[in-house]
Amino acid sequence: MKIAPAQVNSFNETCIASHREKFQFLGDQLAKRGIDVEHVIQQIKDFQVAIPSWALGMGGTRFGRFSMGGEPSTLEEKIGDVGIIHALTQSAGAISLHIPWDIPENPQAIKDLAASHNIVFDAVNSNTFQDQPGQSNSYKHGSLCHTNEAVRSLAVQHNKEVIDIGVALGSKSLTVWLADGSSFPGQLNFRKALSRTLDSLKEIYNYMPADWKLYIEYKPYEPNFYSTVIQDWGTSHLLANECGENAYCLVDLGHHLPNTNIEQIVSTLMWRGKLGGFHFNDSKYGDDDLTVGSIKPYQLFLIFNELVYGINNNDANNPPLAWMIDASHNVKDPLEDLMQSLEAIQLAYAQALIVNHADLEKHRAANDVTQAQSLLQDAYRTDLRPLVQEASKRSGGAIDPIACYRKLQIRESLIETRGLETTASGL
Ligand SMILES: [Mn+2]
């Protein structure tokens, strides 16, 4: 199903008066503070976040999975769902495919379908963390790091196939996340495992077209619980440096131990020109994959503050970043959850855009700790929701995407067309 612009417009008519009032007030307040409101709105309008193909159905835990109904069971339906989110928000104009969960049978037809929703293909993601039916060698004890050369070459070959699929779709990057590691002391020779992983990654890197980027994701634990081969940003950075100039680190917010200073990692990687992209989610304990901004919105703002600073002070030529939501939806409607995440991302970005970095530097130079902290908190505590809503409206999206989604009874229509018992591939 497709949402017509007229449906969004007629929804907007129902809330335009109250929106105008709030936006006018906020705009005046920001202007008095010397903020170029139009510039911030334009930045928000230009900001697009990719939706991963695996986030559109209900996820689950190892204890169970509860269906939502109307979930997409084919790649075509998944693209349709991203199309719904994009029509309502105008900020999700890309999809990131997971292979082999979502192999397009006819890449051109899939490309055309996505284009009809104004959606492009973001990074493609390989999967060497589970065995596929009939697979000759198992990934049980690792993939790119495996002790057996045959397993490593199977995993390398898979990544090359993922690149080929991405090329056919117009993707320009490959994201590699490895489950490789060990669950018990003694199981793995750390040094040899890392060295084998580097050799495998180099082979994948060398296969990529010259205009592609390789994103190397890290994670400290899970599914292995004693060690992970690419455990942290330093290891990812080391591997990316060894691979070459088109290899970058990928930061997934949930892939850190509790209380890690992620904004500092962002700052360091951008300083070196090695930050490739972001996987957004939120967490309380570990890799919880919760809705972005639902647990630690201040941390999200501080991360965006470093991102904006890094983008504006880009002496190391860090390339434009790949933004993607990487979350799981176990209890909420996945489409509503994704729209909540998009709003949180836009809000944090907008708050970061109103930080006066020149003043902040003055406070820092004077070692005025109080003022420096207050300056950041002042931006964070400014309610910029009317500004984000204005950006959505001006792009042709809904002033309140979730309210519009409910008003149009999208989930009900999806259940009517697809039924109650569907399961998205890969979940
Ligand atoms: Mn991720």
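Visitor: Can you lay out the environment of Gln7 for me, pointing to particular residues and giving the numbers?
Guide: Counting through the fold element by element, Gln7 comes out in helix H1 (residues 5-32). Its 16 C-beta neighbours within 10 Å are what place Gln7 among the partly exposed residues. Counting along the chain gives 79 residues from Gln7 to His86, while the straight-line C-alpha distance between them is 14 Å.

Visitor: Any chance you could break down unusual backbone geometry for me, citing the residues and the numbers?
Guide: Note that the residue after Ile99, namely Pro100, is joined by a cis bond; omega there is 15°. Within the element layout of this structure, Pro100 appears in the loop between strand S2 (94-96) and helix H4 (107-116). Note the cis peptide between Glu222 and Pro223, where omega equals 10°. For Gln90, which is not a glycine, the phi torsion comes out positive at approximately 55°. With respect to the secondary-structure elements, Gln90 resides in the loop between helix H3 (75-89) and S2. The class for Gln90 is buried, based on 22 C-beta atoms found within 10 Å. Phi is positive for Asn317, which is not a glycine, with a value near 55°. Relative to the helices and strands, Asn317 resides in the loop between helix H9 (297-312) and strand S11 (322-325).

Visitor: If you had to explain the nonpolar core to someone new, which residues and values would you point to?
Guide: Counting 115 residues, the largest nonpolar core has Leu88, Ile95, Leu214, Ile216, Val251 and Ala350 as its most contacted members. Among the elements that take part in this core, helix H10 (residues 334-353) stands out by supplying twelve residues, more than any other. Among all residues touching Ile216, those that are not within four sequence positions of it are Val176, Ile230, Ser236, Leu239, Ala240, Ala247, Cys249 and Leu250.

Visitor: Tell me about H9, residues and numbers included.
Guide: Over its 16 residues, H9 runs 22 Å from end to end, which matches the ideal 22 Å to within 8%, given 1.5 Å per residue. Taken together, the buried positions of H9 are Leu300, Phe301, Leu302, Ile303, Phe304, Asn305, Glu306, Leu307 and Gly310. Where the residues of H9 are buried, they touch helix H8 (262-271), H10 and helix H12 (369-380).

Quick notes on the rules
Residues numbered from 1 in each chain as written. Predicted model: local features only at pLDDT ≥ 70, side-chain atom pairs only at ≥ 80, totals over all residues. Helix = DSSP H or I, 4+ residues; strand = E, 2+ residues; numbered from the N terminus. Buried ≥ 20, exposed ≤ 12 C-beta atoms within 10 Å, placed from the backbone. Core = buried A, V, L, I, M, F, W, Y, C linked by C-beta atoms within 7 Å. Contact = placed C-beta atoms within 7 Å. Expected span 1.5 Å × (residues − 1).

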